[in-house]
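Single-letter residue listing:
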Amino acid sequence: MEIIPVNIPLLKSMLSLATVIEAKDPYTGGHTWRVSRYARLLAEDIGLTPDEVFVVHFSSLMHDIGKVSIPDPILNKEGKLTSVEYDIVKKHPETGWSLVREHPLGVLALDIVRSHHERYDGLGYPRGLAGNQISLFARIASIADAFDAMTSARPYRLGMPAETAYQLIAQDSGKQFDPILVDTFLDLGRRGELDHILGHSSEERLLHTCAACGPIIVVPANWKSGEQVICPKCLGNYDVHPDRGDFEVVWDKSINHTWVPQPDTATVNEVTYYAPRDLRLPSNFLQYNVSLA
Ligand SMILES: [Fe+2]
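The structure contained in this document is the topic of the report that follows. Because the structure is a prediction, the values reported are computed rather than measured.

1. Some thoughts on the side chain of Asp-64
In step 1: Positionally, Asp-64 belongs in the loop between helix H3 (50-61) and helix H4 (72-75).
In step 2: Here Asp-64 falls in the buried class, since its relative accessible area comes to 5%.
In step 3: Among the polar contacts listed, one links the side chain of Asp-64 to the side chain of His-116, at a separation of 3.1 Å.
In step 4: Setting aside residues no more than four positions away along its own chain, Asp-64 makes contact with Ile-21, His-31, His-92, His-116 and His-117.

2. Quick word on the sheet that holds strand S8 (residues 248-255)
Backbone hydrogen bonds are what pair the strands of a sheet, in a parallel or an antiparallel way.
In step 1: Strand order in the open sheet made by the three strands is S6-S7-S8, with antiparallel pairing throughout. Each edge of the open sheet carries a strand with a single partner, namely strand S6 (229-230) and S8.
In step 2: Examined bridge by bridge, S6 and strand S7 (residues 236-241) share two bridges and lie antiparallel to one another. Bridged to Val-229 within S7 is Tyr-238.

3. A closer look at the coordination of the iron ion
In step 1: The coordination sphere of the iron ion contains the protein donors Asp-64 (OD), His-92 (NE2), His-116 (NE2) and His-117 (NE2), at a distance range of 2.1 to 2.3 Å.
In step 2: If you look at the iron ion, its four donor atoms make angles of 87 to 179 degrees with each other, and the shape they trace is irregular.
In step 3: Between consecutive donor residues of the iron ion, the sequence gaps follow D-x27-H-x23-H-H. Taken together, the residues Asp-64 in the loop between H3 and H4 and His-116 in the loop between helix H7 (110-115) and helix H8 (136-151) connect sequence positions 52 residues apart. Neither Asp-64 nor His-116 differs from the other in exposure class; each is buried.

4. Some thoughts on the state of the cysteines
In step 1: Throughout the structure, instances matching the rule amount to zero disulfides.
In step 2: Distance from the sulfur of Cys-210, which forms no disulfide, to the nearest cysteine sulfur (Cys-234) is 3.6 Å.

5. Let's talk about unusual backbone geometry
In step 1: Each neighbour pair has its own omega, and for Tyr-125 with Pro-126 the value is 10 degrees, a cis peptide bond.
In step 2: If you trace the backbone, Pro-126 turns up in the loop between H7 and H8.
In step 3: A positive phi angle, close to 65 degrees, is found at Leu-235, a residue other than glycine.
In step 4: With respect to the element layout, Leu-235 can be found in the loop between S6 and S7.
In step 5: With phi around 70 degrees, Lys-253 is a residue other than glycine that occupies positive phi space.
In step 6: Counting through the fold element by element, Lys-253 comes out in strand S8.

Rules behind the numbers
Residues numbered from 1 in each chain as written. Predicted model: local features only at pLDDT ≥ 70, side-chain atom pairs only at ≥ 80, totals over all residues. Heavy atoms only, no water. Helix = DSSP H or I, 4+ residues; strand = E, 2+ residues; numbered from the N terminus. Buried < 20%, exposed > 50% of the residue type's maximum accessible area, 1.4 Å probe, protein only. Polar contact = N/O pair within 3.5 Å; in protein donor to acceptor, adjacent residues only side chain to side chain. Contact = heavy atoms within 4.5 Å. Pairing = 2+ DSSP bridges. Donors = N, O, S within 2.8 Å, 3.2 Å for Na, K, Ca; no water. Tetrahedral: all angles 85-135°; square planar, octahedral: opposite > 155°, others 65-115°. Disulfide = S-S within 2.5 Å.

In short, shape yes, function no, at least from these values alone.
Below you can see the structure in the form of structure tokens.
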């Protein structure tokens, strides 16, 4: 058993780093929140301890931090990536790992940051690990990340229906994904326990659709009456109507060139609020996070 003390200001500083990604990529709105919630549910459902669940939740929020190094024209490209461009994208787990490595709490997130694109059959990246060589935490994050990638909008396509994504995940059981985790995840889906996350950007906040750019408008959890929300891609101003259910938004026919991306402070605060002060983790936790480094 390893005992790792958690310093809350340090935890906040690290989570704030994760929000940098949302500022860079308009299509990431809510992605990290959804991935962290899918991963948390999966971790709870397979019976991990509350401390382990916390690490999965927290480090899933950090998983794509390495995408800061991907040039915008590649990140937002509407067509198919060339093999050179895809090679650049594939560097983001290693980039994230090197960015997080020196942070005092980096050890908590290194594993998921570096290994969320490994595949159970060994055909993933960056290291081509297979089966149990990939930590349980990273195998969990891999399913959560892939499911959200399938069901949310990208520059080149809309998200697919959840049922289609469940079928694709089932087909990849034992190939891309750990088969036991696939069964658990599909079971969560059948029980409707993922529905409050799907298509949302935070608790009780659906993503909304910009007529020009697609479903990428976030109404922040801490939205206040009278505030507008912005399409992060075209910078269209939207009025929010909380009375119309699901916080309906309507374009006010103007563009806000002065808008700057807002950090997701609600998620940062939520995670730090429930963070254990001392994490009790299995002794092989550090093995995945340090000795494979
Ligand atoms: Fe990623």
